[in-house]
Amino acid sequence: MKRIILLCLFLCTQFINGQTFDFETTENDIKNHINKNEWDEVLLLAPDLLIANPNKGEGYYYTAYAFFKLEQKQKALQYLNKARLIADDELTKKINELDSSINQSSKAKNTAENAKSLEDNNQSDAAAQQWESAWQEDKSNLEYGLNAVQLYIEQKEYKKAITILKDDAFKNEIEAQNIIKKLNQTPEISSENTYTDAIKLGDEYYNKSKFSDAINEYQKALNSGFNNQVASDKINDSKEERLWQEANISNEIQIMEDYADKYPRGKHISNAKSIISNSYKSIAKDAFEKSNESKLLKYYDKYKKRFPNDDSISTINQYVQDYYFSLGKENLKNKQWTSTITYFNGFLKYSNSEENNEVARKGISKSTRRLKRRSSGFLSGVYELDENFGLSFGKLNHRGLGWYANLRVNPTFVTEANFEKSDNTLTEIPNEAKEAIGSLSIGTSFPVLYPIWIYIGGGASYRERLIDNDGEPIYFSIEGEKNINYFPEAGIMIRLGGIIISGGASYLNEELIIQGSFGVKL
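Residues numbered from 1 in each chain as written. Predicted model: local features only at pLDDT ≥ 70, side-chain atom pairs only at ≥ 80, totals over all residues. Heavy atoms only, no water.

**Some remarks on the pattern of salt bridges**
Working step 1: In the structure shown here, the tally under the stated rule is 18 salt bridges.
Working step 2: Residue R361 is joined to E358 by a salt bridge in which the shortest nitrogen-to-oxygen separation is 3.5 Å. Pair noted here: R361 and E358 are both in helix 18 (residues 354–371), with a separation of 3 residues, about one helical turn.
Working step 3: For R361, a relative accessible area of 36% gives the class partly exposed.
Working step 4: A salt bridge links R465 to E481; the nearest nitrogen and oxygen atoms lie 2.7 Å apart. (Salt bridge = Lys/Arg side-chain N within 4 Å of Asp/Glu carboxyl O. Helix = DSSP H or I, 4+ residues; strand = E, 2+ residues; numbered from the N terminus. Buried < 20%, exposed > 50% of the residue type's maximum accessible area, 1.4 Å probe, protein only.)

**Quick look at the pairing of strand 6 (residues 452–469)**
Working step 1: Bridge count between strand 5 (residues 434–449) and strand 6: 15 bridges; the pairing is antiparallel. Bridge pairing in strand 6 places G443 opposite G457.
Working step 2: Connecting the antiparallel pair strand 5 and strand 6 is a turn made up of 2 residues.
Working step 3: Note: strand 6 against strand 7 (residues 472–478), 5 bridges, orientation antiparallel. Of the residues in strand 7, the one forming a bridge with I467 is I474.
Working step 4: Count of turn residues in the strand 6/strand 7 antiparallel hairpin: 2 residues, of which D470 carries a positive phi of about 50 degrees. (Pairing = 2+ DSSP bridges.)

**A closer look at helix 16 (residues 313–333)**
Working step 1: Given a rise of 1.5 Å per residue, 21 residues ought to cover 30 Å, and the 30 Å separating the end C-alpha atoms of helix 16 matches this to within 8%.
Working step 2: Listed in full, the buried residues belonging to helix 16 are I313, I316, N317, Y319, V320, Q321, Y323, Y324, F325, L327, G328 and N331.
Working step 3: Contacts from the buried residues of helix 16 go to helix 14 (269–289), helix 15 (293–306), helix 17 (337–350) and helix 18.
Working step 4: Note on helix 16: the residue one or two positions beyond its end, K335, has a positive phi of about 60 degrees. (Expected span 1.5 Å × (residues − 1). Contact = heavy atoms within 4.5 Å.)

**Quick notes on the pairing of strand 7**
Working step 1: Inspection of the sheet shows strand 4 (residues 425–426) paired to strand 7 by 2 bridges, in the parallel sense. The residue of strand 7 that forms the bridge with L426 is I478.

**Quick notes on the side chain of S445**
Working step 1: Summarising the element assignment, S445 is placed in strand 5.
Working step 2: The class for S445 is buried, based on a relative accessible area of 1%.
Working step 3: With residues up to four places along the chain from it excluded, the contact list for S445 reads K395, L396, G400, L401, G402, W403, I454 and Y455.

**So, helix 9 (residues 174–184)**
Working step 1: Three or more residues of helix 9 are buried, namely A176, I180 and L183. One face of helix 9 carries all of its buried residues, which in axial projection span an arc of 65 degrees. What points out from helix 9, more than 90 degrees from its buried face, is the exposed set I174, E175, K181 and K182.
Working step 2: Where helix 9 is buried, its residues contact helix 7 (142–154), helix 8 (158–165) and helix 10 (187–207). (Arc of directions from axis to C-beta.)

**Notes on the nonpolar core**
Working step 1: Counting 38 residues, the largest nonpolar core has M256, I276, Y280, L296, V320 and Y324 as its most contacted members.
Working step 2: Residue assignment for this core shows that the elements contributing at least two residues are helix 12 (228–249), helix 13 (253–262), helix 14, helix 15, helix 16, helix 17 and helix 18.
Working step 3: The dominant element in this core, judged by the number of residues it contributes, is helix 16, at 8 residues.
Working step 4: Setting aside anything within four residues of it in sequence, one finds V320 in contact with L296, L297, Y300 and Y350.
Working step 5: In terms of nonpolar packing, the next biggest core, distinct from the first, is built from 25 residues, A134, I164, A176 and I180 among them. (Core = buried A, V, L, I, M, F, W, Y, C linked by side-chain atoms within 4.5 Å.)

**Looking at the packing of helix 16 against helix 17**
Working step 1: Their axes nearest at 8 Å, the elements helix 16 and helix 17 cross at an angle of 155 degrees. Between helix 16 and helix 17, the angle is such that the two are roughly antiparallel. Handedness of the crossing formed by helix 16 with helix 17: left-handed. Of the residues in helix 17, those in contact with N317, V320, Q321, Y323, Y324, F325, L327, G328, K329, N331 and L332 of helix 16 are W337, S339, T340, Y343, F344, G346, F347 and Y350.
Working step 2: Residue composition of the contact of helix 16 with helix 17, grouped by class: 11 nonpolar, 7 polar and 1 charged. (Axes fitted to C-alpha atoms, helices over the stretch in contact; angles between N-to-C directions. Parallel < 35°, antiparallel > 145°, perpendicular 65-115°, else oblique. Left-handed = near helix turned anticlockwise from the far one by under 90°. Nonpolar A, V, L, I, M, F, W, Y, C, P; charged D, E, K, R; others polar.)

**Quick word on the environment of G266**
Working step 1: Structurally, G266 can be placed in the loop between helix 13 and helix 14.
Working step 2: The class of G266 is buried, set by a relative accessible area of 13%.
Working step 3: Spatially, the C-alpha atom of G266 lies 69 Å from that of I86, the residues being 180 residues apart in sequence.
Working step 4: Aside from chain neighbours lying at most four places away, what touches G266 is E240 and Y259.

**Re unusual backbone geometry**
Working step 1: Here the bond from Y450 into P451 is cis, since omega is 10 degrees, no more than 30 degrees from zero.
Working step 2: Its place among the elements puts P451 in the loop between strand 5 and strand 6.
Working step 3: For K335, which is not a glycine, the phi torsion comes out positive at approximately 60 degrees.
Working step 4: One can find K335 in the loop between helix 16 and helix 17.
Working step 5: You will see that E510, though not glycine, has its phi angle at about 60 degrees, which is positive.
Working step 6: When you line up the elements, E510 lands in the loop between strand 9 (499–508) and strand 10 (511–521).
Working step 7: Residue classification places E510 among the exposed positions, given a relative accessible area of 72%.

**Side note on the packing of aromatic side chains**
Each aromatic ring pair is specified by the distance between its two centres and by the angle formed by the two planes.
Working step 1: One pass over the structure, following the stated rule, counts 28 aromatic pairs.
Working step 2: Ring geometry for F288 against Y319: centres 5.6 Å apart, planes inclined by 20 degrees, an arrangement best described as stacked. One end of the pair, F288, is in helix 14; the other, Y319, is in helix 16, and 31 residues separate them in sequence.
Working step 3: With 5.4 Å between their ring centres and 80 degrees between their planes, F413 and F419 make a pair best called edge-to-face.
Working step 4: For F413, a relative accessible area of 17% corresponds to the buried category.
Working step 5: Members of the aromatic cluster, each reached through a chain of ring pairs, are Y300, Y323, Y324, Y343 and Y350.
Working step 6: Positioned above the aromatic ring of Y79, the side-chain terminus of K82 is 5.0 Å from the ring centre. (Phe/Tyr/Trp six-rings, centres within 6.5 Å; stacked < 30°, edge-to-face > 60°. Lys NZ or Arg CZ within 6 Å of the ring centre and 35° of its normal.)

If you want it as structure tokens, here you go:
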């Protein structure tokens, strides 16, 4: 009895294994036929699944799937409903997907009918779009997609045609791949591919901050003639980034200025302005400390021009004020009047300090007065109390020694001097005797207190004695007396505007002779 039971169990096990083996084998055969689009073969094999295992709904499902592909949708729905009654969770999911595909297929069919109608009415553009929509709704129907591709090619909408043919639905279609290759060779697509490849490579360079290489690739994209605006925008952006990169790497402020001038609304303009501002202030400070006037004023002007409304200009302005004010005071102390005026005027141009302004104005006023005390020549008429008269000329130096020369004679010298030695020698001077006197003196002058100069010098006096004998002069000399005598002289000169006045005395033959002059500045 025990052996009989064991034998039954063995036979049952073999029967079950046989069923499982038949079910899996049959299902694999069905899937192979599906891949080959052999729908009649699927319909013949699907019932075998039900025979192998009546409790599984795969037989109904594959039958429904085959009818769907054969466009017998009503039968497909009938078998799909039967499959649903005995389906497990995994099969239910497939059933729902197929049910959705059937519904989409119906919608796609209506869209395709509309596309056919548009095409019949020569509305190719709209027809192409409808065929594509039908294909999107039912990608299993490759005919819809091919119809759209055909119309797009006719319209030279090659990109749209390629997009459809590159879909996974056509991946096993050799002819579709051949069409793609031919379309890629057209000038339109070739240009676009060149553009796309160049843009892609340019973006890679851009992201690596290799902006010159990026510009070269973007230029290729621009030259392709496809979507010039995008390529042009990328070129401009890369050029900006390249200049900004150069400005940051270089220590030259000029490059940063170039960036700010070329891209006043650039992505980095705020940083650029901040760097330029700080650089200007730093350079101006260095110029101030090194007394480099031209450089200090240059960067003051540059800052004022580039940042007209920036309060930081006051920093550089203060450097300029301090520079001019300190030099103005220094030159005033050293009596460099012209330089004092120059620096104090420079200070007043930039100053906002009333206290220092007053110091500068006083310094300018004093220097101006001093500059009026210039050295000058003079020419004067000279008169001495002994009735000698003549000319005085020379130069009064404002700061240092000057010189002068006096030439004086009396009236008798002018009319009767003969410059010959007389043989007549007397011991006494007759009462009616006359003297012919002439003198020449030279000396130096120096300022003591403006506008006063002191002059000191000396000279020689020539004298002849004579008696008028009925209109005929008789010349004589006094025993022991010389014709030529030397004398010292001294006095003061005063310059009042263009007038020169002097007064002094000479000491001749133990006699003090007072003299004075009046003349003009030359």
